[in-house]
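# Topology and contacts: notes
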Amino acid sequence: MTQAHDFVAHEAALLDAGRFDDWLALFADDGHYWVPLLGAAQADPLSHNSIAYEDRLLLQLRVERLKNPRAHSQHPKSHCQHVMQRSVVEHDNEAGLALTTPFIYVEARGENQVLLAGTCRHLLVRHGEGFLIRQKRIDLLNAGRALPAIQLFI
């Protein structure tokens, strides 16, 4: 199980370093990034609005936007830091490995800083010697409240 814990930590470290292409490569072809509007109370992404529900193509478009020197939202550039507790394995079976990881996320841009807390839920599938992300779900602690614009990936 240590390898899966290391994978989750590595994924966050790539985001913190701004290595978005390397981060995107961790997603399976059918992978999704999901931030439910209702947090943990939301059962699925289709019956209710979400803050984000993006497949690999939409993630690629966001990564390309972040890399574009003309992206207005990145002047000044955004930076982030993930502070995570150790992941807990929820299940490990043929369908994949599910982990939950409590976190604090800080995103800074210029003089402004956003602080969010919640639980990250990864559904990983085995790929060669490692894993790929089938779903990354972010359940925000205070879901449903008004949020500032989040520029990067939680």
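Residues numbered from 1 in each chain as written. Predicted model: local features only at pLDDT ≥ 70, side-chain atom pairs only at ≥ 80, totals over all residues. Heavy atoms only, no water.

## Some details on the overall build of the protein chain
Looking only at helices and strands, the protein chain features three helices and seven strands. Counted from the first residue to the last, the protein chain has its helices and strands arranged as α-α-β-β-α-β-β-β-β-β. Expressed as a percentage of the 154 residues in the protein chain, the buried residues total 42%. For the protein chain, long-range pairs separated by at least 24 residues make up 57% of all intrachain contacts whose partners lie at least 6 apart in sequence. Here the protein chain has roughly 8,500 Å² of accessible surface; of this, 53% comes from carbon and sulfur atoms. For the protein chain, the distance from the average site of its 15 positive side-chain charges to the average site of its 18 negative ones is 6 Å. (Helix = DSSP H or I, 4+ residues; strand = E, 2+ residues; numbered from the N terminus. Buried < 20%, exposed > 50% of the residue type's maximum accessible area, 1.4 Å probe, protein only. Contact = heavy atoms within 4.5 Å. Areas by Shrake-Rupley, 256 points an atom, 1.4 Å probe, with all protein chains shown as cover. Lys, Arg positive; Asp, Glu negative; His and termini not counted. Charge placed at Lys NZ, Arg CZ, Asp CG, Glu CD.)

## Some thoughts on the pattern of salt bridges
Here the structure, examined in full by the defined rule, presents nine salt bridges. Taking the shortest distance from any N to any O, the salt bridge between Glu64 and Lys67 comes out at 3.3 Å. With a gap of three residues between them, Glu64 and Lys67 both fall in helix α3 (residues 56-67), about one helical turn apart. The exposure class of Lys67 is partly exposed, given its relative accessible area of 42%. (Salt bridge = Lys/Arg side-chain N within 4 Å of Asp/Glu carboxyl O.)

## So, the pairing of strand β6 (residues 112-127)
As defined by bridge partners, strand β5 (residues 96-109) adjoins β6 across 13 bridges and the pair is classed as antiparallel. Across the sheet, Ala108 pairs through a bridge with Gln113, a residue of β6. Here β6 pairs with strand β7 (residues 130-140) via 10 bridges, running antiparallel. Across the sheet, His122 pairs through a bridge with Lys136, a residue of β7. Here β6 folds back onto β7, and the loop between the two strands holds two residues, one of which, Gly128, carries a positive phi near 60°. (Pairing = 2+ DSSP bridges.)

## What about the packing of aromatic side chains?
This model, assessed by the stated rule, comprises seven aromatic pairs. When the centroid spacing of 6.2 Å and the interplanar angle of 85° are considered together, the rings of Trp23 and Tyr33 count as edge-to-face. Of this pair, Trp23 sits in helix α2 (residues 20-24) while Tyr33 is found in strand β1 (residues 27-36), placing the two residues 10 residues apart along the sequence. In this pair, the class of Trp23 matches that of Tyr33, namely buried. An aromatic cluster is built from Phe20, Trp23, Phe27, Tyr33 and Phe153, whose rings are joined through pairwise contacts. (Phe/Tyr/Trp six-rings, centres within 6.5 Å; stacked < 30°, edge-to-face > 60°.)

## Digging into a nonpolar patch on the surface
A surface patch of nonpolar side chains, amounting to about 220 Å² of accessible area, comprises Leu37, Leu38 and Ile51. Within the fold, Leu38 resides in the loop between β1 and β2 (50-55). (Patch = residues over 30% accessible without salt bridge, like charges linked within 9 Å, V, L, I, M, F, W, Y side chains within 5 Å.)

## Some points on unusual backbone geometry
For the peptide bond that leads from His75 to Pro76, omega is 5°, which places it in the cis range. Among the structural elements, Pro76 can be located in the loop between α3 and β3 (78-84).

## Some details on the side chain of Thr100
Here Thr100 is to be found in strand β5. The exposure class of Thr100 is buried, given its relative accessible area of 10%. For Thr100, the side chain forms a polar contact with the side chain of Glu90, separated by 3.1 Å. The contacts of Thr100, once residues within four sequence positions are left out, are Arg86, Ser87, Val88, Glu90, Thr119, Cys120 and Arg121. (Polar contact = N/O pair within 3.5 Å; in protein donor to acceptor, adjacent residues only side chain to side chain.)

## A word on the confidence of the model for the protein chain
Per-residue pLDDT for the protein chain averages 94, and the proportion of residues at 70 or more is 99%. Confidence, expressed as mean pLDDT per element, reaches its minimum in the protein chain at strand β4 (residues 88-93) with 93 and its maximum at α2 with 98. (pLDDT = per-residue confidence, 0-100.)

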